[in-house]
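Remarks on the overall topology
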Amino acid sequence: MVEKVLNTSCAIAGGGPAGLMLGLLLARAGVDVTVLEKHDDFLRDFRGDTIHPSTLEVIYELGLEEEFLKLPHTRAPKLMAEMGGQTITMADFSRLPVRNRFIAFMPQWDFLNFLASQAARYPNFRLLTGARVTEVLEEGHRVRGLKVETAEGTLMLRSDLVVAADGRNSVVREKAGLDVESFGSPSEVVWMKLSKQEGDPAQTMGHAGPRQGFVLIDRGDYWQCGYIVRGETFEEIRQRDLEEFRNKVRAVSPLPAERMDEIQGWSDVSLLQVRIDRLKQWWKPGLLAIGDAAHAMSPIGGVGVNLAIQDAVAAANILAEPLAGHRLQDAHLAAVEKRRLFPTKATQKLQLMMRSNRRKELVHEERKKGPPAFIRNIARFPLLAHLAGRLMGLGFRMEHVRTKSLL
C-alpha cells in the first residue's frame, strides 16, 4: 500500500451536517479544505432528517434556498402530540422571525449530497470518501494533521487545523485525548420503518401514545418510527420473543396494530443509544471539535442537527480569515467554544430537565399512563407552543453567515 502526503489548510473529519456545512463555508471564503468521510457515500437510514428554520435561514443567506427547496421534502409548520385521545400542538413555528417557518423533513443523504455538490463548485474544496481516520498527528503540543486509511493506501493529511466533526463516537476526539463529561444515564430509541397507508394520522411529525413513548415521522411513502425503551434495555427485550416487542410498540403506536407485523425480525429495527455529554474543552492547539463530537444530544426534535449547523456557521465566521491568512491562533479556537457554549449548555439543561421530570412521574403509579408534565402544560397554555417552536426552530443563539464568497 502506498503512503501519500497531502497538505491542506483545514482537515475536517466527518462528512455529516457539521463537517460539510463548515467545509462549504470555509471553501466559499477561500480556505483550502479537505473533508474526510469514512463511508463511501451518505446512504444510511435513521439519521437526523430534520432541517430546522435556522438551517433554512443559513441556506437562504448562502443564496441556495430556491435550489434547496426543489429537493423532495415534507414540511411541518407545527409538531403534534396525542394526549388523551386528542391531538395538541407541541411546537408552533408560525411566528418565527425567519423566511421559512417550518421544519423540513428530508433524507439526510439528500441534504449532505446537496452541501457536498455546492462545496464542490470551489476548486479549494475536496471530499474524500472511504477515508477512515486512524491517528491524530501531533508535533510537540500541537495537532498537525491526520493519518487516514483509504482504498489507495495510507494518507498523511497535514493541516493548519483539524476539525473533529465525526459524531458522538468521534475517533478524533478520542485519539486527541479530549476529556468528555457525561450527564445522566444513557437511554435507548429503537427505530423502524412502517408502511404509510390510507387512514393513517395526518401529521408530519408527532409523539404519541402513553407517556409519549413513540415518535412518528412522515417520510413520504413510509413512516419512520421510534420506540423509546423504558424500564429495561433493548438487549433484554431482544432476549425474549419478537412478538412481545411488537406488542410493546402496539401499546404506544397510533398506527393500526397489524402494521407491526411488518417487523419480521430484529434486522428490521435499528438501535440508537442516546446520551447527553459535552467536552470539557472543545479544542487544543491545532484542533477543534464541533457538533456531536463536542456535545452529544438527545434526538428529541432533531436539535442535535440544528446545533451542529449553528456550530459550523459560528466556526466559519471566526476562523475563515485567520485560516485563509495562515495566522490561526489558539485564541480563535477558544472563541468558537465561547460563542457556542451557552446555547449548548442551555439546550442540554432543558433536555435533562425534561428527562428528569419524566422519570419522577414514572415513580407514581397513577401517572404512569399520562403524558409528561411539559406536554400537559403546553396543552393548558397554547402560547407555550410558540415558545417551544422558537427554542426548537432557532435554538438559544441563532448564527448568521458573516463570511463572504469569493465566487
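First things first, this report covers the structure right here in the doc. (Residues numbered from 1 in each chain as written. Predicted model: local features only at pLDDT ≥ 70, side-chain atom pairs only at ≥ 80, totals over all residues. Heavy atoms only, no water.)

Some thoughts on the side chain of serine 253
In this structure, serine 253 sits in the loop between α7 (242–252) and β16 (269–279). Judged by its relative accessible area of 13%, serine 253 falls in the buried class. Among the polar contacts made by the side chain of serine 253, one reaches the main-chain amide nitrogen of leucine 255 at a distance of 3.0 Å. (Helix = DSSP H or I, 4+ residues; strand = E, 2+ residues; numbered from the N terminus. Buried < 20%, exposed > 50% of the residue type's maximum accessible area, 1.4 Å probe, protein only. Polar contact = N/O pair within 3.5 Å; in protein donor to acceptor, adjacent residues only side chain to side chain.)

Side note on the side chain of serine 9
Tracing the backbone shows serine 9 in strand β1 (residues 2–13). When its relative accessible area of 9% is taken as the criterion, serine 9 is described as buried.

Some points on the pattern of salt bridges
Once the charged atoms of two side chains with opposite charge are near each other, the side chains can pair. Enumeration according to the criterion identifies 20 salt bridges in this entry. Where arginine 250 meets glutamate 243, a salt bridge forms, and the shortest distance between an N and an O atom there is 2.8 Å. Put simply, glutamate 399 and arginine 339 hold a salt bridge, and the shortest N to O gap is 3.0 Å. In this pair, glutamate 399 sits in the segment after α11 (383–394) while arginine 339 sits in helix α9 (residues 330–362), placing the two residues 60 residues apart along the sequence. With relative accessibility at 3%, the residue glutamate 399 sits in the buried group. Taken together, the salt bridges that share partners define one network made up of Glu232, Arg240, Glu244 and Lys248. (Salt bridge = Lys/Arg side-chain N within 4 Å of Asp/Glu carboxyl O.)

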